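# Reading the structure
Spelled out from the first residue to the last, the chains are:
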Amino acid sequence: PSARTNYAIANWKMNKTFSEMAVYLQELKSKEGVSVVICPPSQLLYPAGLMAKQQGSTVSIGAQNVHEADKGAYTGEVSASMLKDIGCAYVIIGHSERRQYFNENDQQVNQKIKQAIKEGLTPIICIGETIEQKNSGQTEKVLTTQLVGALQDIDSDFILAYEPVWAIGTGESATAEQAQSTHAYIRKVLTALLGGRAEGISILYGGSVNDKNAAEFSQMPDIDGVLVGGASLNAESFEKIIAVF
Ligand code: PEP
């Protein structure tokens, strides 16, 4: 674990019913010194927050997405003020699945970050390269472009998640050394963009993290936690991941 705030964030994606969520929250024990954030699908945000509160849990609730407008004629969408209103503290922005399946671009990501900050939500900003970009030596260029685009005119706090697209849901995680060297590069770019403030920003790794490999990531000086998809769906597995930070 690093000196920065360490996070264990669960991205449930489009999984779990109300009753599955209730059982999970009952089972999950958090740990002092780690900020645990559960990001359920949107219909569970309110009841999950309520239950966590009733149980006296320190777990926070985050959304998986937010719309970039204040309000209005955007059928099916949810605004940052609505998320704040029902007790969300965090929101994942720019996840690669949003970029890939819903064509989100860096400009939209930037708008969404601004909306989140305006409403007092902490954005969890996701960046990462595809396998083609990695194989053609473009990783640093891609990450820099995503960072510069996302962070235009942003001067509030955020969490960054490095999630190589080739490692998400594939069972093929980056090695801890690979992730560390990319995180160090990301921090260098952040320093160029934000100055000394970059030292305090938590950079999480995401991509096939599980209860076996989490400990290796936690040893690395620039890895300040993890964003977990598949392995976060099981409370026991996620608890083991939390435990190493
Ligand atoms: C994710 O979707 O953010 C993720 C990291 O997924 P997984 O852990 O399943 O690779």
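What counts as what
Residues numbered from 1 in each chain as written. Predicted model: local features only at pLDDT ≥ 70, side-chain atom pairs only at ≥ 80, totals over all residues. Helix = DSSP H or I, 4+ residues; strand = E, 2+ residues; numbered from the N terminus. Rg over C-alpha atoms; globule rule 2.2 N^0.38 Å. Buried ≥ 20, exposed ≤ 12 C-beta atoms within 10 Å, placed from the backbone. Contact = placed C-beta atoms within 7 Å. Near = placed C-beta within 6 Å. Nonpolar A, V, L, I, M, F, W, Y, C, P; charged D, E, K, R; others polar. Pairing = 2+ DSSP bridges. Right-handed = clockwise from strand over helix to strand, strands pointing away. UniProt positions renumbered as here; feature names shortened; annotations may be inferred.

## A look at the overall build of the chain
Of the regular secondary structure elements, the chain holds 10 helices and 8 strands. Taking 2.2 N^0.38 as the reference for a compact globule, 245 residues should give roughly 18 Å; the C-alpha atoms of the chain span a radius of gyration of 17 Å, in line with that estimate. Overall, the chain is about 45 × 45 × 35 Å in size when its C-alpha atoms are taken along their principal axes. The proportion of buried residues among the 245 residues of the chain is 42%. Across the chain, the fraction of contacts at a sequence separation of at least 24, relative to all contacts at a separation of at least 6, is 73%.

## Things to note about the site of the ligand
Around the ligand, a shell composed of 13 residues is seen, among which Ile-168, Gly-169, Gly-206, Gly-229 and Gly-230 lie nearest. Residues of the shell around the ligand, tallied by class, amount to 5 nonpolar, 7 polar and 1 charged.

## Considering the environment of Ile-113
Here Ile-113 lies in helix 5 (residues 106-118). On the basis of neighbour counts, which here come to 27 C-beta atoms within 10 Å, the residue Ile-113 falls in the buried class. For the pair Ile-113 and Val-91, spaced 22 residues apart in the sequence, the C-alpha separation amounts to 8.9 Å.

## As for the pairing of strand 6 (residues 159-162)
Of the two faces of strand 6, both are covered, the one formed by Ile-159 and Ala-161 as well as the one formed by Leu-160 and Tyr-162. Pairing of strand 5 (residues 122-127) with strand 6 involves 4 bridges; the strand directions are parallel. The residue bridging Ile-124 from the neighbouring strand is Ile-159, located in strand 6. Bridge count between strand 6 and strand 7 (residues 203-206): 3 bridges; the pairing is parallel. Residue Leu-160 lies in a different strand from strand 7, and its bridge partner there is Ile-203. Taken together, strand 6, helix 8 (residues 176-194) and strand 7 constitute a β-α-β crossover, and its handedness is right-handed.

## Notes on unusual backbone geometry
The general pattern is negative phi for most residues beyond glycine and trans for most peptide bonds. Residues other than glycine seldom take positive phi values, yet Lys-13 does so here, at roughly 50°. Position of Lys-13 among the secondary structure elements: in the loop between strand 1 (6-11) and helix 1 (18-27). A positive phi angle, close to 60°, is found at Asp-153, a residue other than glycine. Topologically, Asp-153 is positioned in the loop between helix 7 (139-150) and strand 6. For Asp-153, a count of 7 C-beta atoms within 10 Å corresponds to the exposed category.

## Some remarks on the UniProt feature "modified residue: Phosphoserine" (unreviewed entry) in the chain
In the numbering adopted here, UniProt assigns the feature "modified residue: Phosphoserine" (unreviewed entry) to Ser-208. With respect to the helices and strands, the residue Ser-208 is situated in the loop between strand 7 and helix 9 (214-218). Sequence-distant contacts of Ser-208, that is, excluding residues within four places in its chain, are made with Ala-167, Thr-170, Gly-171, Glu-172 and Ser-173.

## As for the UniProt feature "active site" (unreviewed entry) in the chain
The UniProt record marks His-95 and Glu-163 with the feature "active site" (unreviewed entry), using the residue numbering of this structure. Their sequence span is 69 residues, while the largest C-alpha to C-alpha distance among them is just 8.3 Å; these annotated residues converge on one region. Looking at where His-95 falls in the secondary structure, it is placed in the loop between strand 4 (90-93) and helix 4 (96-101). Residue classification places His-95 among the buried positions, given that 27 C-beta atoms sit within 10 Å. In this structure His-95 touches Gln-64 and Cys-126, once residues within four positions along its chain are discounted. Relative to the elements of secondary structure, Glu-163 occurs in the loop between strand 6 and helix 8. By C-beta crowding, Glu-163 is classed as buried, having 27 other C-beta atoms within 10 Å. Apart from residues lying up to four places away in sequence, Glu-163 is in contact with Ser-96, Cys-126, Gly-128, Ile-168, Gly-206, Gly-207 and Leu-227.

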